[in-house]
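# Working through the structure, step by step
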Amino acid sequence: MCRRITISILVVLAGMLALANPVAATESPLSWSAPASIDSGHELMAVSCPSANLCVAVDFYGNVVTSTNPTGGAGAWTVARVDERTPPAFNPLWGVSCPSVSLCVAVDTNGNVLTSTDPTGGERAWTIANVSPGEILGISCPTVSLCVAIGGGGVLTSTNPTGGKGAWTAHDFAYQMITNFDDISCASEGLCVMVGDSILEVGGGNVDVIPAIATSTNPTGGESDWKTTTVGGYNAGHLWGVSCPTVSLCVAGGEVGIVTSTNPTGGTGAWTITKIGSADVSCPSAGLCAAIGGAGILASTNPTGDASAWSSEGVDNGGLFAVSCASVSLCVAVDFSGNAVVGTPAVNTPPRNTSPPSIFGSAQLGQTLTCAPGTWSGRPAPTFTYQWLRDGSDIAGATGSTYVVQAADQSHTLSCRVTASNSAGQQSATSAAVAIPASSSGGGSTGGSGTGGSGSIGVLGATSVSVSTAQIAALLARQLTPSGKTAKIAALLKSGGFTVAFKALEAGTVVINWYYLPPGAKLAKAKPKPVLVASGKRTFSAAG
């Protein structure tokens, strides 16, 4: 006969304890698709979605990539080369803004503006005009009758974007500090906001980089109509993206964090920094913002809230570069490898148990047992309630995640039932039962690790001791040492335990503690201390 014992996870490595009530991260309001290759191998630099029926992206190689069905996968996107010098040379496209489905305006690094009233019409549907001697880094068109771009040493504006070179005016800025702006957003013809950084020389060849924001309520009026302020202090980093869905809300992203204001023209004190590293930002309304974050996508339905108001979702292995949201129902983000991911409203789902609850602790009178809830899916993240069971029946009042073993439990089994609930429903799952031994006045020694004499390493409660310590040690080493993939810590964490089979040498109770030994640790004198990873226990009445 083989005895089986399940070793349940007790401690997670790296100092993280297994929690009976894990705290869920902020739920993302969006569900993101897998990456779809829409422009294979090309760096996508910007994207603009004026509606759910049109998204336009631009790449580093002078291509425009369009779709009238952005959720349709890779096959729903078309690539057209619209910006090139003498082939095979090309002009890198750096930004695009589509105020409507019938007008898109793109800019490149060679001072060109490209316009189209039929963005999906292919190469011939786009017209090129050289409007600046230098690169143009960003553009925002709040309406079809105003576009404002960053370039020419300041800004370029046009009230007739398709009117050719003569329809664009350059406004040079002469700042005392060297200011570099990378992105612009115009909530209306009466408010535009640029973000970037100011570089201030501090002597000895050293410089300080200060996040900078410039605002204007009259963007076509020239340098005097733009006011520059800084946020975050010296060496706080760069601001990379900005989105102003209304004149009373602007959200910027960069190394300094998420920077928001409900009064964008109010100066430094009107901006609030939330320490979340980010880059490009898109806010279709005050009720939704999506931003490129270090590990994927950040999203919030309360963008002026603190860090807890933002969710973070690992999307596209952190390679995303730009994002545009047509509405609260559709966002599209693009990356440097020619991929797009699509965000649509997340759908709530009821809890579903994917790994059952488990009990850990010493199953002895007066000892505390803890019920780990197992792992669950479901949206929003479920909350848990607990019920302890004796021989399968509820124990009155035992509804916490922990339970102290009572005299009434001896010679019986204990288990715990976890009920997971969210707004979409609930489900229950029950742990495996653990046996509570009968009362006994005897008990075996917990003897040492010597090779002679009698004793029982990890064997408690035996009525007689007829085997040596060496025999027990050999048994544990031979039959209970985990091996293979199931012995990996990752496997333990995933399954919540490790089951082994063995032949008992005699009646008794076996307690097995599994330790992780950090480099340099010794069980006898621990510096650093061994970490108790798992613990298991089984009582049996006879050898075999």
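Quick notes on the rules
- Residues numbered from 1 in each chain as written.
- Predicted model: local features only at pLDDT ≥ 70, side-chain atom pairs only at ≥ 80, totals over all residues.
- Heavy atoms only, no water.
- Helix = DSSP H or I, 4+ residues; strand = E, 2+ residues; numbered from the N terminus.
- Buried < 20%, exposed > 50% of the residue type's maximum accessible area, 1.4 Å probe, protein only.
- Contact = heavy atoms within 4.5 Å.
- Areas by Shrake-Rupley, 256 points an atom, 1.4 Å probe, with all protein chains shown as cover.
- Pairing = 2+ DSSP bridges.
- Axes fitted to C-alpha atoms, helices over the stretch in contact; angles between N-to-C directions.
- Salt bridge = Lys/Arg side-chain N within 4 Å of Asp/Glu carboxyl O.
- Disulfide = S-S within 2.5 Å.
- Phe/Tyr/Trp six-rings, centres within 6.5 Å; stacked < 30°, edge-to-face > 60°.
- pLDDT = per-residue confidence, 0-100.

## Section: the overall build of the protein chain
- The helix and strand inventory of the protein chain stands at two helices and 46 strands.
- Per-residue burial over the protein chain gives 46% buried out of 544 residues.
- A separation of at least 24 residues holds for 52% of the contacts in the protein chain among residues at least 6 apart in sequence.
- Element-wise, carbon and sulfur atoms account for 52% of the exposed surface of the protein chain, whose accessible area totals about 24100 Å².

## Remarks on the sheet that holds strand β29 (residues 311-314)
- Read from one edge of the open sheet, four strands run β26-β27-β28-β29, paired in antiparallel fashion. Lying at the two open borders of the sheet, with one neighbouring strand each, are β26 (278-285) and β29. The sheet shows a mean angle of 20 degrees between the axes of neighbouring strands, direction not considered.
- With four bridges joining them, strand β28 (residues 296-300) and β29 adopt antiparallel strand pairing. Bridge assignment links Ala299 to a residue of β29, and that residue is Ser311.

## Here we look at the environment of Gly233
- Examined against the element boundaries, Gly233 turns out to sit in the loop between β21 (227-230) and β22 (239-246).
- Separated by 21 residues in the primary sequence, Gly233 and Ala212 place their C-alpha atoms 9.8 Å from one another.

## Remarks on the pairing of strand β11 (residues 103-108)
- The element β11 is largely enclosed, with a buried count of six among its six residues.
- The pairing of strand β10 (residues 93-100) with β11 spans five bridges and is classified as antiparallel. If you follow Ser97 over to β11, its bridge partner there is Val105.
- Counting the residues between successive antiparallel strands, the hairpin from β10 to β11 contains two residues.
- The sheet contact formed by β11 and strand β12 (residues 112-116) spans four bridges and is antiparallel. Within the sheet, the bridge partner assigned to Ala106 lies in β12 and is Leu114.

## Some points on the pattern of salt bridges
- Scanning the model with the defined rule gives three salt bridges in all.
- Arg417 is the partner of Asp394 in a salt bridge, and the nearest nitrogen-oxygen pair spans 3.2 Å. One end of the pair, Asp394, is in strand β38 (residues 393-394); the other, Arg417, is in strand β40 (residues 413-422), and 23 residues separate them in sequence.
- Classification of Arg417 as partly exposed rests on a relative accessible area of 24%.

## What to know about the state of the cysteines
- Scanning the entire structure with this criterion turns up eight disulfides.
- A sulfur-sulfur distance of 2.0 Å marks the disulfide that ties Cys186 to Cys192. Disulfide Cys186-Cys192: the torsion about the S-S bond is 105 degrees, which places it as right-handed. You'll find Cys186 and Cys192 in the same group, each marked buried.

## Examining the packing of aromatic side chains
- Under the defined criterion, the tally for this structure stands at six aromatic pairs.
- Through a chain of ring-to-ring contacts, the aromatic side chains of Phe60, Tyr61 and Trp94 assemble into a single cluster.

## Let's talk about the sheet that holds β22
- The strand order across the open sheet formed by four strands is β22-β23-β24-β25, and the pairing between neighbours is antiparallel. The open sheet has two edge strands, β22 and β25 (272-274), and neither has a second partner. The sheet shows a mean angle of 20 degrees between the axes of neighbouring strands, direction not considered.
- Bridging between β22 and strand β23 (residues 249-254) involves five bridges; their strand directions are antiparallel. Its bridge partner lying in β23, Ser243 is registered against Val251.

## Structural notes on the confidence of the model for the protein chain
- With 73% of its residues at a pLDDT of 70 or more, the protein chain has an overall mean of 81.
- The low-confidence segment residues 441-467, where pLDDT is below 50, has 53 contacts with residues more than four positions distant or belonging to other chains.
- Long-range and interchain partners of residues 519-527, a stretch whose pLDDT sits below 50, account for eight contacts in this model, where long-range means more than four residues apart.

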